[in-house]
Amino acid sequence: AAINKASADAESSTMKIEELASSLSVAEAELNKATTVREKEARDNASGQKELAQMSDAIGDAIRILEREMKKGAASLAQLDGNSMDKVLGAFTAVLAAAALPAADKDQLLGLVQSDDDNVQAHHQPAYQSHTSGILETLEDLKDRADEELRALRVDETAKQHQYEKLKASIE
């Protein structure tokens, strides 16, 4: 009777070991899958953060250049000297090249920057000022939105990393 009980206990223990080994295998597969997904999410998030940070910096540069040129007495973009205009256009180009900038915002900026030389001569100085102010306001709005998106991406990354760590701890 003792031998039969020991045999039954051994068989039961073997079945439990097989079940645990199977569960461990499933858990390891889940962890590997979660790790792969998490690594891709982290790469995508890092790429998005880098793009938004660069865009925000480029917009900030454009704002600083315009403000500096306005302080020098240039009431409009049309009155900037060649070197200053090159700086402004370079900053605008960087802003417009940013992938996260919506098409409507690009169109709005281009509309504000582009002007017909014949029409520029016909305008009064206050019109120049409001034209440049409109560009600054648009740029500041774009920078605020880029900064907010960047903050949101960072918060999202932190939350996803925390979720992954909790999942990993529950599996291990």
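The residue numbers shown here count from 1 along each chain, following its written sequence. Per-residue local features of the predicted model are confined to residues with pLDDT of at least 70, and side-chain atom pairs are confined, for both listing and counting, to 80 or more; whole-chain, interface and lining totals are unaffected and use all residues. Hydrogens and waters are ignored; side-chain quantities use all the structure's heavy atoms.

**Notes on the overall build of the chain**
Where we set the bar: Under the scheme used here, helices are H or I runs from DSSP no shorter than 4 residues and strands are E runs no shorter than 2 residues, and both carry numbers assigned from the N terminus. Three exposure classes are used, based on accessible area relative to the maximum for each residue type with a 1.4 Å probe and protein chains only: buried under 20%, partly exposed in between, and exposed over 50%. Residues are treated as being in contact if the distance between any of their heavy atoms lies within 4.5 Å. Note on areas: Shrake-Rupley, 1.4 Å probe, and residue coverage restricted to the protein chains presented here.
Of the regular secondary structure elements, the chain holds 5 helices and 0 strands. The order of α-helices and β-strands along the chain, N terminus first, is α-α-α-α-α. A buried classification covers 28% of the 172 residues belonging to the chain. By sequence separation, contacts in the chain at least 24 residues apart represent 74% of the contacts at least 6 residues apart. When the accessible surface of the chain is split by element, carbon and sulfur atoms take 54% of a total near 11,200 Å².

**Considering the environment of K50**
Structurally, K50 can be placed in helix α1 (residues 2-71). Between the C-alpha atom of K50 and that of L150, which follows or precedes it by 100 residues, the distance is 8.8 Å.

**Regarding a negative patch on the surface**
Selection criterion: Only residues whose relative accessible area exceeds 30% and that take part in no salt bridge are eligible for patches, with like-charged residues grouped when within 9 Å of each other and nonpolar side chains (Val, Leu, Ile, Met, Phe, Trp, Tyr) grouped when within 5 Å. What counts as a salt bridge is simple: a side-chain nitrogen of Lys or Arg found within 4 Å of a carboxyl oxygen of Asp or Glu. Counting rule for charge: Lys and Arg are taken as positive, Asp and Glu as negative, and neither His nor the chain ends is counted. Just so you know, the charge point we use is NZ for Lys, CZ for Arg, CG for Asp and CD for Glu.
A contiguous patch of negative charge, built from E67, E137, E140 and D144, is present on the exposed surface. Among the elements that line the negative patch, the one with the most residues is helix α5 (residues 125-171), at 3 residues. With respect to the helices, strands and loops of the structure, E67 is situated in helix α1.

**A short note on the nonpolar core**
Looking at soluble globular proteins, one finds that nonpolar side chains tend to be buried together. Our working rule: We call a set of buried Ala, Val, Leu, Ile, Met, Phe, Trp, Tyr and Cys residues a nonpolar core when their side-chain atoms join them within 4.5 Å.
Ranked by size, the top nonpolar core spans 12 residues in total: L52, M55, I59, A62, I63, L66, I135, L136, L139, L142, A146 and L150. Only α1 and α5 provide two or more residues apiece to this core. Residues within four places of A146 in sequence aside, it is in contact with L52, M55 and S56. Listed in part, the 5 residues of the second largest apolar core include A27, L31, Y164 and I171.

**So, the confidence of the model for the chain**
Regions with low pLDDT carry predicted coordinates that are not meant to be interpreted in detail. Spelled out, the test is: Confidence scores here are pLDDT values: one per residue, from the predictor, ranging 0 to 100.
When pLDDT is averaged along the chain, the result is 76; 65% of the residues meet or exceed 70. When mean pLDDT is taken per element in the chain, α1 scores highest with 88 and helix α4 (residues 117-122) scores lowest with 40. Counting contacts from residues 115-130, a segment whose pLDDT is below 50, to residues more than four positions away or on other chains yields 12 contacts.

**Notes on the pattern of salt bridges**
Applying the stated rule across the entire model yields 9 salt bridges. Two residues, D61 and R64, come together in a salt bridge whose shortest N-O distance is 2.4 Å. Linking D61 with R64, this pair stays in helix α1, spanning 3 residues, or about one helical turn. Its relative accessible area of 36% is what places D61 among the partly exposed residues. We classify R64 as partly exposed; its relative accessible area is 47%. A salt bridge links D156 to K160; the shortest N-O distance between them is 3.4 Å. Of this pair, D156 and K160 both sit in helix α5, separated by 4 residues, roughly a single helical turn. Residue class for K160 comes out partly exposed when judged on its relative accessible area of 28%.

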